[in-house]
Amino acid sequence: MANAMRQPTLETMGLGTVLDIFQKGQLPANTNDLVDQVFGEVNNRGSLVISGANGIVGAGKSMQLGSRLRPFDVPIIALDFPGVPDGIGKQYPGLERAFGKTGANKIMENVIRLNYDGTELPSQLKKYQPRFLLEAIPEILEIKKSHYEIFRAEFPEIEIRSVTSGFPSFQLGVGIAHPAFPHEINKIFEIVEPEPSAVTRLLWAGGLIPIPVSDNWSFVLDVLFCGLTLTGIRYHRNCNMPYWKIDKYIRKLLGPNPFRAHDAIGAKGANFLTWSCLHHLSQHYGDVFKPTPELEEHKDSGQNWYPPNHFRPLVNWTLDDEEEEEFRTWILGPFFQMASLMLHEKRAHLSHMNAIGELCAQFRRGVLSVIRSNGADSAIKTVEAYHKLHPEAAKNAWYPTVFEQIDGVDWQQLYVNAEHDGNVGVITIGRESYNSDVNLEMNRAIDWLKNEGIERVIVTGDFHLSTQMVGADTSDFFPALDKEEIGYNISRGWSETARRLHNEFKVSVGFINGKRCLGGMLELMTHCHYLVSMDGVDLGMPEVTLPVVPGMEGCHWPLRKARPGDWPKLLNLLLEGKSVKAKDAVGWLVDYAGTLEDAIKVAWKVVTGGDHGLTMRKVEEGALKDVPKEVSGLSSVDAATEEARKAILQNAFSSCGSTLSEAIDIQARHSAGFMSSKYCQKGRIGAEFTKTMTV
């Protein structure tokens, strides 16, 4: 029986825990079996029908699902009205980039286009034995319900899911699989169904990210995204600031550009969807969601929120501190109030609710993380200040008591969870990039396992929200660009956390699956006693390309674990910034690489003390001799990258030339010093800082 800090998100889909995966030596869902369950066995395979297939959503999902179902010979029936614009054809260049011309052609061969008039299904459809309908037609309730009746009359056993942005399942009479934009790329589906289904587990097994949510109007994503758009419109209505300028301040405050996003999606359709969601939300929850006349106008006209570039004002301006505080109240007040409603209704697992904002709406940090960092009292005061500006919003949908739970483990462990069986623990990271929140939660997870008496641990992604580990969240570095001490504190603090995996457990195993493990995440994982990976994972240290100097001990820790003959490989990894496949890094960066199932079994043998056949690469605690000051044969780069190479090499030489106890401080100083240099300030991180924080 497993103990956990909080409920693992896998359990919300009926897939057990991450600990179960390692104990059983396999994933909890098999794609072949689930395809048979949903579409029938191989000799009697039915089809997936996507209605509204030429729309933005339908076309994107035709490609995304078609590419995954092609190996299983599941036909994709793209159904739409005759004469509509060819949305599917527009997806082909993206397919070609992702799969090559041959692969793209194979996927398109399996997409069968059929037309219908909306009242009667095409006669050819029957021969394809439709088993699953993904409905992506316009957001008009009666049209949707009529559409389902037509299909059920012809195919009574068909599974139906709607991609609706707002209508709950109890209104539609079907389950929900609401995808996030961009539809051909984003893997998130908000799922509404009575119990976890084979369809949901198939999405997960296919590498997508289904997230169960409750059956309430507009679910989670569109409360956040449409709600944030409304806060910006209300500020415009009060202060007459143009939408493009409001976007800049919202980006500085939270991360997204809601008005630019509407224009990028296609203002005509996006404006209607936002209005529809808010209209129905306001009917149920009051004025905090009530669409403004400006939104009504844009819904009717379909016009963009941004003017053409040549109509932008030539004179720019900046809000003073008092004005910016008022802006903050107009935006965060209703935003926090909407979050209180979702918490009151228990719309989703708190980690899910938080992640949806980051993975789908481009928040730098999820709404619950933002509230947590502000504190419950501050969040409540912000909403109360907003109610003075917009008194009607105070009448409904405000539940301040939900913030009383902010010190509970569900709030405190939004990104990192820990489980154990009394002997072995598993720490799971449910965020793709490492930031200060993850660092704090990592320490709490380690503390919890230590207090539970656990001395053996596996550190891994969560097999759900995090499908890769892309490195450090560089927005955390913004304050360090002009304050070296902040950079030092980040590097030193994160390195101390990583060292706990090495120092405080009898056995620690880093387990890497997914597409890639880069930068700070790879530095974290190398601190484990053993590193086990899927063989096809890309491993790399791309910091030099930003440019920054790795600050989580990547410039010396891996060298201390490797043979001197392998140092050139590690230095090349640091100085070129190019990735290497895990299978090619065995012995000098990772300890084992194999298929996913084999790697899972090896990791479990290692952590439990079984017969695994691996030799632990020990960390040299003394100074290393003969670490080179120069590396020849590197590719040609620009001046900034060349300076980063020099700084990285100097960091490696200085850190390796000291004792392990001294190196943590030395490498942190090197990393912080370069981060506050002109080369970093003018690089990608500096450019992103200027774009995001300078208004």
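First, a word on scope: everything that follows refers to the structure included in this document. Every chain is numbered on its own, with residues counted from 1 as its sequence reads. Local features in this predicted model are restricted to residues of pLDDT 70 or higher, and side-chain atom pairs are both shown and tallied only at a pLDDT of 80 or more, whereas totals for entire chains, interfaces and linings draw on every residue. Values reported for side chains reflect all heavy atoms of the structure, with hydrogen atoms and water molecules removed beforehand.

## Here's the deal with the overall build of the protein
Part 1: The helix count covers DSSP runs of H or I at least four residues long, the strand count covers runs of E at least two residues long, and both are numbered beginning at the N terminus. Summing up its helical and strand segments, the protein has 27 helices and 20 strands in all.
Part 2: Each radius of gyration is computed over the set of C-alpha atoms, and the globule rule expresses the reference value as 2.2 Å times the number of residues to the power 0.38. Here the C-alpha atoms of the protein give a radius of gyration of 26 Å, agreeing with the 26 Å that 2.2 N^0.38 yields for 695 residues.
Part 3: Oriented by its inertia axes, the alpha-carbon framework of the protein measures out at about 80 × 70 × 50 Å.
Part 4: Looking at the protein residue by residue over its 695 residues, the buried ones come to 59%.
Part 5: Every accessible area reported is derived by Shrake-Rupley at a probe size of 1.4 Å, with residue values counting cover from the shown protein chains alone. Looking at the protein as shown, the accessible area adds up to about 27,700 Å², and 49% of this sits on carbon and sulfur atoms. Whether a residue is buried, partly exposed or exposed follows from its accessible area with a 1.4 Å probe, protein chains only, as a fraction of its type maximum: under 20%, in between, or over 50%, in that order.

## Thoughts on the pattern of salt bridges
Part 1: Salt bridges are defined as contacts in which a side-chain nitrogen from Lys or Arg sits within 4 Å of a carboxyl oxygen from Asp or Glu. Going through the model one piece at a time under the given rule, you end up with 35 salt bridges.
Part 2: Here Arg645 makes a salt bridge to Glu576, at a shortest N to O gap of 3.0 Å. Within this pair, whereas Arg645 is found in helix 24 (residues 639-656), its partner Glu576 is found in helix 22 (residues 567-576), the two being separated by 69 residues in sequence.

## Side note on the sheet that holds strand 15 (residues 507-512)
Strand pairing in a sheet takes place through backbone hydrogen bonds and is either antiparallel or parallel in direction.
Part 1: At least two DSSP bridges between two strands are needed for those strands to be called paired. Reading across from one edge, 1-10-11-13-15-17-20 is the order of the seven strands in this open sheet, with mixed pairing throughout. Sheet topology places strand 1 (3-4) and strand 20 (592-594) at the edges, where each strand pairs with a single neighbour.
Part 2: Looking at chain direction, strand 13 (residues 456-461) and strand 15 are connected through four bridges and run parallel. Along strand 15, the bridge assignment pairs Val457 with Ser508.

## Observations concerning the environment of Asp215
Part 1: Structurally, the position occupied by Asp215 is in the loop between strand 9 (209-212) and helix 8 (221-239).
Part 2: Along the sequence, Asp215 and Ile107 sit 108 residues apart, while their C-alpha atoms lie 34 Å from each other.
Part 3: Separated by 3.0 Å, the side chain of Asp215 and the backbone nitrogen of Phe170 make a polar contact. What qualifies as a polar contact is a pair of N or O atoms within 3.5 Å, subject to a donor-acceptor requirement within protein and to the restriction that residues adjacent in sequence count only when both atoms come from side chains.

## Details of the nonpolar core
Part 1: Counting residues in each nonpolar core, the largest one holds 165 residues, and the members touching the most others are Ile371, Phe403, Ile427 and Leu539.
Part 2: The leading source of residues in this core is helix 13 (residues 321-344), at 11 residues.
Part 3: When neighbours within four sequence positions are excluded, Leu539 is seen to be in contact with Ile512, Cys517, Leu518, Leu522, Leu573, Ser579, Val580, Ala582, Ala585, Leu589 and Val590.
Part 4: Note on terminology: a nonpolar core comprises buried Ala, Val, Leu, Ile, Met, Phe, Trp, Tyr and Cys residues joined through side-chain atoms within 4.5 Å. Val35, Ala53, Ile76 and Val199 belong to the second largest nonpolar core, which has 60 residues in total. Contacts are assigned to residue pairs with any non-hydrogen atoms lying within 4.5 Å of each other.

## Here we look at the packing of helix 10 (residues 258-265) against helix 11 (residues 267-285)
Part 1: Running from N to C, helix 10 and helix 11 point in directions that differ by 125 degrees, and their axes come no closer than 6 Å. Viewed along their axes, helix 10 and helix 11 adopt a mutual orientation that is oblique. Residues His262, Asp263 and Ile265 of helix 10 form the contact with helix 11, whose own contacting residues are Ala267, Ala270, Asn271 and Thr274.
Part 2: Side-chain classes are defined by residue name, with Ala, Val, Leu, Ile, Met, Phe, Trp, Tyr, Cys and Pro counting as nonpolar, Asp, Glu, Lys and Arg as charged, and the others, Gly among them, as polar. Per-class residue counts for the contact of helix 10 with helix 11 are three nonpolar, three polar and one charged. Lines fitted to C-alpha atoms define the axes, with helix axes restricted to the stretch in contact, and inter-axis angles between N-to-C directions lie between 0 and 180 degrees. Each angle gets one of four labels, with under 35 degrees taken as roughly parallel, over 145 as roughly antiparallel, 65 to 115 as roughly perpendicular, and the rest as oblique.

## Some details on the packing of helix 2 (residues 31-39) against helix 7 (residues 198-205)
Part 1: The N-to-C vectors of helix 2 and helix 7 enclose an angle of 145 degrees; their axes lie 9 Å apart at closest approach. Our pair here, helix 2 against helix 7, has a crossing hand that is left-handed. Along the contact surface, helix 2 presents Thr31, Leu34, Val35, Gln37, Val38 and Phe39, while helix 7 presents Ala198, Val199, Arg201, Leu202 and Ala205.
Part 2: When grouped by side-chain class, the residues that make up the contact of helix 2 with helix 7 number eight nonpolar, two polar and one charged. Here a crossing is taken to be left-handed if its near helix is turned anticlockwise relative to the far helix by less than a right angle, and right-handed if that turn runs clockwise.

## Side note on a negative patch on the surface
Part 1: Grouping into patches uses exposed residues only, defined as over 30% relative accessible area, and leaves out salt-bridged ones; the cut-off is 9 Å for like charges and 5 Å for nonpolar side chains (Val, Leu, Ile, Met, Phe, Trp, Tyr). Note on charges: Lys and Arg go in the positive column, Asp and Glu in the negative column, and His and the chain ends are not counted at all. The atom standing in for a charge is NZ when the residue is Lys, CZ when it is Arg, CG when it is Asp and CD when it is Glu. Negative charge collects at one region of the surface, where Asp320, Asp321, Glu322, Glu323 and Glu326 lie side by side.
Part 2: Here Glu322 is to be found in helix 13.
Part 3: A residue is classified by how much of its surface remains accessible, and Glu322, at 68% relative accessible area, is exposed.

## Points about helix 13
Part 1: Multiply 1.5 Å by the residue count of a helix minus one, and that product is the helix's expected span. Counted at 1.5 Å a residue, the expected span for helix 13 with its 24 residues is 34 Å, and the 33 Å between its end C-alpha atoms agrees.
Part 2: Most of helix 13 sits out of view: 17 of its 24 residues are buried.
Part 3: Where helix 13 begins, the side chain of Asp320 points an oxygen toward the backbone nitrogen of Glu322, at a separation of 3.2 Å.

## Notes on empty space enclosed by the protein
Part 1: For cavity detection a 1 Å grid was placed over the protein atoms alone, and a set of points counts as a cavity when a 1.4 Å probe fits there but cannot get out; an open set counts as a pocket when protein lies on both sides within 12 Å along at least five of seven lines, with lining residues being those that have an atom within 4 Å of a point. Grid points are joined across faces, edges and corners, and a volume is the space filled by probe spheres set on the points. Taken as a whole and assessed by the stated rule, the structure comprises four cavities of 30 Å³ or more.
Part 2: There is about 80 Å³ of room inside the largest cavity.
Part 3: Around the largest cavity sit Leu522, Glu523, Thr526, Met541, Gly554, Pro558, Leu559, Leu570, Leu573, Leu574 and Leu589, which together line it.
Part 4: When residues of the lining of the largest cavity are traced back to their parent elements, those giving at least two are helix 20 (519-526), helix 21 (557-561) and helix 22.
Part 5: Lining the second largest cavity are Arg6, Pro8, Thr9, Leu10, Val18, Tyr415, Asn417, Glu419, Thr428, Ile429, Gly430 and Asp462.
Part 6: Contributions of two or more residues to the lining of the second largest cavity are made by strand 10 (416-420) and strand 11 (424-429).
Part 7: Among the residues making up the lining of the second largest cavity, the classes are represented as five nonpolar, four polar and three charged.

## Describing the packing of aromatic side chains
Part 1: Any pair of Phe, Tyr and Trp rings, taking the six-membered ring for Trp, is counted once the centres come within 6.5 Å. Such a pair is stacked with planes under 30 degrees apart, edge-to-face with planes over 60 apart, and tilted for the rest. The tally for this structure, following the rule as stated, stands at 23 aromatic pairs.
Part 2: Look at Phe272 and Trp275: their rings are 5.9 Å apart centre to centre, the planes differ by 35 degrees, and that puts the pair in the tilted class. One end of the pair, Phe272, and the other, Trp275, are both in helix 11, three residues apart, so they sit about a helical turn from each other.
Part 3: According to the relative accessible area criterion, Trp275 is buried, its value standing at 14%.
Part 4: Judged by centre distance (5.0 Å) and plane angle (70 degrees), the rings of Tyr434 and Trp494 are edge-to-face. With Tyr434 in strand 12 (residues 433-434) and Trp494 in helix 19 (residues 484-503), this pair connects stretches of sequence that are 60 residues apart.
Part 5: Owing to a relative accessible area of 0%, Tyr434 belongs among the buried residues under this scheme.
Part 6: Taken together through their ring pairs, the aromatic side chains of Phe22, Phe463 and Phe511 make up a single cluster.

## Thoughts on the pairing of strand 10
Part 1: Of all five residues in strand 10, five are buried, a share of seventy percent or more.
Part 2: Note: strand 10 against strand 11, five bridges, orientation antiparallel. Opposite Glu419, over in strand 11, you have Val426 as the bridge partner.
Part 3: In this structure, the hairpin formed by strand 10 and strand 11 is closed by a connection of three residues, where Gly422 is found at a positive phi of approximately 100 degrees.

## Some thoughts on the state of the cysteines
Part 1: Disulfide: a pair of cysteine sulfur atoms within 2.5 Å of each other. Applying the stated rule across the entire model yields zero disulfides.
Part 2: As a non-bridged cysteine, Cys360 has Cys226 as the owner of its nearest cysteine sulfur, 12 Å distant.

## A word on the side chain of Ser340
Part 1: By secondary structure assignment, the location of Ser340 is in helix 13.
Part 2: For Ser340, a relative accessible area of 0% corresponds to the buried category.
Part 3: Look past the residues within four positions of Ser340 in its chain and what remains in contact with it is Ala397, Trp398, Tyr399, Val402 and Phe403.

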